[in-house]
Protein chains: 2
Amino acid sequence: MVDLQPDSEVIRNLRAVGLRPTRQRMALARLLFGHGNRHVTAESLYESAQRGGIRVSLATVYNTLHQFTTAGLLRQVIVDSSRSYYDTNVDEHHHFYFEDTGEIADIPSDRINSIVPTDLPDNMELSRVDIVVRLRGTA
Amino acid sequence: MVDLQPDSEVIRNLRAVGLRPTRQRMALARLLFGHGNRHVTAESLYESAQRGGIRVSLATVYNTLHQFTTAGLLRQVIVDSSRSYYDTNVDEHHHFYFEDTGEIADIPSDRINSIVPTDLPDNMELSRVDIVVRLRGTA
DNA sequence: GTGTTTGCAAAGTGTTTGCAATTTA
DNA sequence: TAAATTGCAAACACTTTGCAAACAC
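Treat the numbers as computed from the prediction; the structure is a model and nothing was measured. (Residues numbered from 1 in each chain as written. Chains lettered and ligands numbered in written order. Predicted model: local features only at pLDDT ≥ 70, side-chain atom pairs only at ≥ 80, totals over all residues. Heavy atoms only, no water.)

**Student:** So what exactly am I meant to see when it comes to the layout of surface pockets here?
**Tutor:** Estimates place the volume of the second largest pocket at around 200 Å³. Along its surface, the second largest pocket is lined by Val79, Asp80, Ser81, Tyr97, Glu99, Ser127 and Arg128 of chain A together with Gln76, Ile78 and Arg134 of chain B. Each residue belonging to the lining of the second largest pocket can be placed in one class, and the counts come to three nonpolar, three polar and four charged. (1 Å grid on protein atoms, 1.4 Å probe; cavity = no way out; pocket = protein on both sides within 12 Å on 5 of 7 lines; lining within 4 Å. Points joined across faces, edges and corners; volume = space filled by probe spheres on them. Nonpolar A, V, L, I, M, F, W, Y, C, P; charged D, E, K, R; others polar.)

Dropping the structure here:
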């Protein structure tokens, strides 16, 4: 698996959002943004890092996920009341959540025209559709 | 505030789902189902109980929420990745989630015809709409 | 009386934080 | 070298669990 992002680009992207390009942040940025969309938890990203031989603490993974989210590089996905998931796709879109495995997949936009999609992944049945309209007080 | 449910009815309803009508379960059932729809967390229900002079432990509140959910009397609402909310309305419907206060309100069904409701509560603005299509493996 | 349920306290899980050591600019 | 970042371990919030005492039937 080739990593197409040169250091300079990763550095530039981090600087662009006001974050110092430390070894840990660069490595995590590569894992997250180097190969298409990902859906991660702190734990899963930490494991990816370990497998990739990246020395980084779990605390730093948590901090980095928050910083990237605040910077708009990641978006939190709420599908489980006991774990936080993060999505590298920050565009407006929705998700399949596989209850059995805890995995998440983007719903292709052409399938979400009706709220309840009729075209589900193979061997999967609908558990339920959750729609949460999140509000905040006006300024 | 009058409690319209006679003991016999609460007992019958609990028995109907295979749960012994203990003092704690009856009292929690009254709190939950006695006065229209409620959206609770373990902590909020525990506080309601305390305010109402009901002696029940937090552990029992957790256990009871699970039992009621398994029995189909409650439904879990996933809006926060660190707390579990339960809704006494188990019919298909959706929610407003007030990020500032952590409160939940049902979305009146006539407002959810378009995915993004145009008619929001006063002084509230849209943070975002989360749609999660929850799937499980076929049998 | 027998099996179920409760309450407590301890343990568990995911997450955050204080702070000294390290790294970046 | 000044400020930001890291990693560790301790602290945290929420939730679950083991087990003896209390309760329901």
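Structure's up, so let's keep going.
**Student:** Help me out: how do you make sense of the sheet that holds strand S4 (residues 95-98) of chain B in this one?
**Tutor:** Taken together, six strands build an open sheet; the order of strands is S5(A)-S4(A)-S6(B)-S6(A)-S4(B)-S5(B) and the sheet is mixed. Each edge of the open sheet is held by one strand with a lone partner, namely strand S5 (103-106) of chain A together with strand S5 (103-106) of chain B. Each strand axis lies, on average, 30° off the axis of its neighbour in the sheet, ignoring direction. (Pairing = 2+ DSSP bridges. Helix = DSSP H or I, 4+ residues; strand = E, 2+ residues; numbered from the N terminus. Axes fitted to C-alpha atoms, helices over the stretch in contact; angles between N-to-C directions.)

**Student:** Looking at this structure, how should I read the relation of the copies chain B and chain A?
**Tutor:** The second copy of the chain is related to the first by a rotation about an axis and a shift along the axis. Of the transformation superimposing chain B on chain A, the axial component is 0.0 Å and the angular component is 180°, with the fit at an RMSD of 0.1 Å. These values place the two chain copies in the arrangement generated by a two-fold rotation axis. Looking at chain B, 100% of its interface residues are interface residues in chain A too, so the copies touch through the same face. (Least-squares fit on C-alpha atoms with pLDDT ≥ 70 in both. Contact = heavy atoms within 4.5 Å.)

**Student:** Would you take a moment to explain the protein's contact with DNA strand C for this structure?
**Tutor:** Near DNA strand C you find 19 residues, and of these Arg15, Tyr62 and His66 of chain A together with Gln24 and Arg25 of chain B are the closest. Sugar plus phosphate, as a fraction of atoms of DNA strand C within 4 Å of the protein: 84%. For DNA strand C, a phosphate oxygen lies 2.6 Å from a polar atom in the side chain of Thr60 of chain B. Of all the elements in the fold, those that place two or more residues in the surface near DNA strand C are helix H4 (58-70) of chain A together with helix H2 (23-33) and helix H4 (58-70) of chain B. The element contributing the most residues to the surface near DNA strand C is H4 of chain A, with four residues. In terms of residue class, the surface near DNA strand C is made up of five nonpolar, eight polar and six charged. (Near = heavy atom within 4 Å. Polar contact = N/O pair within 3.5 Å; in protein donor to acceptor, adjacent residues only side chain to side chain.)

**Student:** Please explain the packing of H2 of chain B against helix H3 (residues 42-51) of chain B as it appears in this structure.
**Tutor:** For any two helices packed against each other, one specifies the inter-axial angle together with the distance between the axes. All names here are of chain B. Their axes nearest at 11 Å, the elements H2 and H3 cross at an angle of 105°. One way to sum up the angle between H2 and H3 is to call them roughly perpendicular. Of H3, the residues touching H2 (which contributes Leu28, Leu31 and Leu32) are Leu45, Ser48 and Ala49. Residue composition of the contact of H2 with H3, grouped by class: five nonpolar, one polar and no charged. (Parallel < 35°, antiparallel > 145°, perpendicular 65-115°, else oblique.)

**Student:** Honestly, the packing of aromatic side chains in this entry has me stumped. Any pointers?
**Tutor:** One pair of aromatic rings is described through two measures. These are the centre distance and the angle between the planes. Within the structure shown, the criterion is met by four aromatic pairs over all chains. Ring geometry for Tyr85 of chain A versus Tyr97 of chain A: centroids 6.2 Å apart, planes at 80°, classification edge-to-face. Taken together, the positions of Tyr85 of chain A in strand S3 (residues 85-87) and Tyr97 of chain A in strand S4 (residues 95-98) put the pair 12 residues apart, joining distant regions of the chain. Given the relative accessible area of 5%, Tyr85 of chain A is considered buried. Accessibility expressed as a relative area gives 4% for Tyr97 of chain A, which makes it buried. Taken together, a centroid distance of 5.9 Å and an interplanar angle of 35° make the contact between Phe33 of chain B and Phe68 of chain B tilted. Of this pair, Phe33 of chain B sits in helix H2 while Phe68 of chain B sits in helix H4; the two residues are 35 residues apart in sequence, bridging distant segments of the chain. The exposure class of Phe68 of chain B is buried, given its relative accessible area of 0%. (Phe/Tyr/Trp six-rings, centres within 6.5 Å; stacked < 30°, edge-to-face > 60°. Buried < 20%, exposed > 50% of the residue type's maximum accessible area, 1.4 Å probe, protein only.)

**Student:** Please explain the protein's contact with DNA strand D as it appears in this structure.
**Tutor:** What surrounds DNA strand D is a group of 19 residues, the closest being Gln24 and Arg25 of chain A together with Arg15, Tyr62 and His66 of chain B. Among the atoms of DNA strand D close to the protein, meaning within 4 Å, 83% are from sugar or phosphate groups. Tyr62 of chain B is positioned with one of its side-chain polar atoms (N or O) 2.4 Å from a phosphate oxygen of DNA strand D. Note that a phosphate oxygen of DNA strand D is positioned 3.2 Å from one of the side-chain N or O atoms of His66 of chain B. At the level of elements, helix H2 (23-33) and H4 of chain A together with H4 of chain B are the ones that each hand at least two residues to the surface near DNA strand D. Among the residues forming the surface near DNA strand D, the class breakdown is five nonpolar, eight polar and six charged.

**Student:** Can you walk me through the domain arrangement of chain A in this structure?
**Tutor:** Where interface size is given, it is often the accessible area lost as the parts come together that is meant. Residues and elements named next belong to chain A. In terms of domains, chain A is made up of domain 1 (7-80) and domain 2 (91-135). Taken residue by residue, the interface counts seven residues in domain 1 and nine residues in domain 2. Roughly 660 Å² of surface becomes buried between domain 1 and domain 2 when both sides are summed, with 56% attributable to carbon and sulfur atoms. Considering only the side of domain 1, the residues that lose the most area to domain 2 are His39, Arg75 and Val79, jointly responsible for 68% of the buried surface there. Across the contact surface, domain 1 and domain 2 share zero salt bridges. (Domains from an automatic or database assignment. Buried area = accessible area lost by both parts, 1.4 Å probe. Salt bridge = Lys/Arg side-chain N within 4 Å of Asp/Glu carboxyl O.)

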